[in-house]
Amino acid sequence: MDAFFDPGSVAVLGASNDSSKWGFWLAAGALRGDERRRVYLINSSAASIQGQPTFTHLRELPEVPELLVISVPGPTVAGVVAEALDLGVRAFLIISARVPDAADLAAAIRSAGGRLIGPNSLGLVDSSNELLLAWGNFTPGTLAVVTQSGQLGTEIATLSARSGLGISRFASIGGQSDVRAAEVLATLVDDPATTQVALYLESFTGGTALVTALKALRAAGKPTMILTIGASSAGARLAKSHTGSLTSTMDTVDAACRAAGAIRLNTPGQLVEVAGFFATGWLPAGHRVAVLSDSGGQGAIAADTAENWGLGVPELSPDTGRRISELLPEASHIDNPIDLDGAGEKNLDTYADVTEALLADPAIDAVILSGYFGCYGQDIPELGTAELAVVERLGRVVGEAKKPVIVHSMSADSKAVTRLWELGIPAYTSIEAAMRVLAHSGFYAAHSGRLTDTQDLTGPVTPWGTGYAAARDVISRAGVPVPAAVSLGKGREPAEAVPNSGLKPPFALKAGWPAHKTEVGGIVLGLNDLAAVDTAYADMVGRLGEGDYILEEMDTRDHVAEILVGGRQDENFGPVVMVAAGGTETELFADTWLELAPVTHVEALDMIARLSCSRLLTGWRGRPAADVDGLAEVIVAVSRLVAANNDIAEIEINPVRVAPGGAVAVDALVVTGENVKSAE
């Protein structure tokens, strides 16, 4: 990848003197680094470009360029690439859009041992290596941008420059026809100029490699913030038409972010907000927030907003409450949120005094200071010096406590606000932004990326059979409890099989081969004795014919909650596991949680806790608590099955009936690459 970000020589094909054309900006940018590398400008009709002599054709260059930048009409690109490959060029940056047969072009480059970024790229930038091959100007800094949409990436770079972060590296990868995001991200792990990464993707092809790269960035202490589209139906339609790549579903992307320790955000503005925090503030150790305001209304709004973002606003401990009561003797009631009620105007030091007391409380993870602070010196110049002195003290207090303080100020750019940022205290003009940033930074602190499962998942391939019996055997061998059962059919009648089976009524009779048994009358429930079994069996065989049948004990336990556990092979990220509210209303409630597979027992418990229906498992309205650990083991087993090398494409167990005495799978479907085996 060095040929793209620090080439020894660059040739720009399509260089121009017209500032309205891409060739102008590519030539101008390339020439900025001419002290570091050799630059060649190619134009068939202009003798010089921006004061530099040009070459008419690529073959006239004195050497084979390490990187060839192409900005010519799309239909002519294939011919140019063929000529360049013959000459020995192996790294291509193609800016041109509407290039016919781009996939074939990329394949030709790879087969010749070359690499390609583009077509439809908006360029590459590496500030440390004096590489500028893009439209416009880029402020050097610490944020790397990797993007499929060049213009959206440029917006991120612009916002980053305005915020003071700047850009370390910029890579517009277009449709990822060859070089993919994961490869570019891997180059950033050891890049000393990059401290944070912004990633915009519309396609998550090769998602497992992407997760690996994101984990490496997380381990290197470099936060990665991800933007994507497809959460709305309109966004999904645009994703399909924009680069020809389908967007991944949001639940799977979010699972990948949790596994990798990355953060998914919704807009470029939000991304730069969070990046600004990471560049300055301390990470919170938890989600417990103290709100300090000089306005009762603003404090109440701040508390509500905190809870909307999943942050806690706990009551103050007795010791902290007493300390703050001493600092605010005129306050009628000390609580969280804390209203200074005019004490700040009387003595600006009160802001720092109360903040210090709150940060000293081990039960408080972060402080939000909301309201007028930051405006005193701007509105009342004679208070400017005093306000700045409080800012300096806040900086010392935060540095000693090593906890984040975020200011929501009614001023955007006062001297006090500017100094707050310099001292590592982020300041935002909206309480929504302040809480949003705190919530996202808390997520990042809590998700350091899941360790790779070191247990062996590549054991012998399951000896697949067909039908219900095989599927039932698969999940049972994996550790999923199933009801006791006997096989019927193929000459084995109920009168022979049931009396010595040890099964206890009531029974359920199931045909073993239909994928959807209820639709063909292949399941009968509530059979209370052998006579009822005989009658149901004779009727089912008469309707469906001879075959494999299963007779099971029915689960009649009280206080049962029905849960769905499933797993599948995602086309981008590989094996995933899901838990959801089960039963016939699964689609109606849409109460689900998904993670990349396999998961540990602890991770499975967390998945269960994320469900709204989890309250049914933990003693809802006086009912006894269900065996949540047993359900977690089912999730672990399914996750390991789908992650192992056994040709499983999909597993769905619905429902797993969970009661105080354990979890039992009473209905399941297993789909492999060649066969469909069900258990109902």
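Per chain, the residues get numbers from 1 upward, laid out in the order the sequence is written. This being a predicted model, a pLDDT of at least 70 is required before a residue's local features are given, and a value of 80 or more before pairs of side-chain atoms are given or counted; all residues contribute to the totals for chains, interfaces and linings. Values reported for side chains reflect all heavy atoms of the structure, with hydrogen atoms and water molecules removed beforehand.

Trainee: Go over the pattern of salt bridges with me, naming the residues and quoting the values.
Mentor: Should a side-chain nitrogen of Lys or Arg be within 4 Å of a carboxyl oxygen of Asp or Glu, the pair is scored as a salt bridge. According to the stated counting rule, one finds 30 salt bridges in the structure shown. In this structure, the salt-bridge partner of R110 is D178, at a minimum N-O distance of 3.6 Å. Taken as a pair, R110 in helix α4 (residues 102–111) and D178 in the loop between β11 (167–172) and α6 (181–188) lie far apart in primary sequence, 68 residues in all. The cut-offs for exposure are 20% and 50% of the maximum accessible area for each residue type, with area from a 1.4 Å probe on protein chains only; residues under the lower value are buried, those over the upper are exposed, and the others partly exposed. Using a relative accessible area of 40% as the deciding quantity, one classes R110 as partly exposed. D178 gets classed as buried once you look at its relative accessible area, which sits at 7%. Note on conventions: DSSP H or I runs of at least 4 residues are helices, E runs of at least 2 residues are strands, and numbering of each starts at the N terminus.

Trainee: Provide a residue-level description of helix α12 (residues 318–327), including the pertinent values.
Mentor: Where α12 is concerned, the buried positions are T320, G321, I324 and L327. An end-on view of α12 places all buried positions within 120 degrees of arc, on one side of the element. Projecting away from the buried face of α12 at angles above 90 degrees are the exposed residues P318, D319 and E326. Looking at the buried positions of α12, the neighbouring elements they touch are β16 (338–339) and α14 (349–359). Arc definition: directions from the helix axis to the C-beta atoms. Here, residues are in contact when the closest pair of their heavy atoms is within 4.5 Å.

Trainee: Give me the lowdown on the sheet that holds β16, citing residues and values where you can.
Mentor: When DSSP finds at least two bridges between two strands, those strands are taken to pair. The strand order across the open sheet formed by five strands is β16-β15-β17-β18-β19, and the pairing between neighbours is parallel. If you trace the sheet from one side to the other, it starts and ends with β16 and β19 (427–428), each paired once. One ladder, built from two bridges, connects strand β15 (residues 289–293) with β16; its direction is parallel. Its bridge partner being in β16, S293 is matched across the sheet by D339. The axes used here are C-alpha line fits, helices contributing only the stretch in contact, and every angle between their N-to-C directions lies in the interval 0 to 180 degrees. With respect to the sheet, α14 is in contact with β15, β16, β17 (366–371) and β18 (405–409), its orientation differing from that of β15 by roughly 170 degrees.

Trainee: With reference to specific residues and values, describe the nonpolar core.
Mentor: The criterion is simple. A nonpolar core is a set of buried Ala, Val, Leu, Ile, Met, Phe, Trp, Tyr and Cys residues joined through side-chain atoms within 4.5 Å. In terms of nonpolar packing, the biggest core is built from 54 residues, with V69, L133, L185, L199, L210 and L214 touching the most fellow members. The element best represented in this core is helix α9 (residues 250–260), accounting for six residues. Among all residues touching V69, those that are not within four sequence positions of it are V10, A11, V12, L13, L26, L93, I95 and L133. Among the nonpolar cores identified, the runner-up in size contains 43 residues, and V125, V145, L311 and A439 belong to it.

Trainee: I'd like to hear about the side chain of E387, residue by residue, with values.
Mentor: Relative to the elements of secondary structure, E387 occurs in helix α16 (residues 384–401). One buried charged residue, E387, remains without a salt bridge, the closest side chain of opposite sign being K415 at 10 Å. Pairs of N or O atoms are called polar contacts if they sit within 3.5 Å, as long as, within protein, a hydrogen donor faces a hydrogen acceptor (for residues adjacent in sequence, only side-chain-to-side-chain pairs). One polar contact links the side chain of E387 to the main-chain amide nitrogen of G377, over a distance of 2.7 Å. Residue contacts for E387: discarding those within four places in its chain leaves L348, F373, G374, C375, Y376, G377 and A416. Charge convention: Lys and Arg are scored as positive, Asp and Glu as negative, and His as well as the terminal groups of each chain are ignored.

The values are spatial; any link to function lies outside them.
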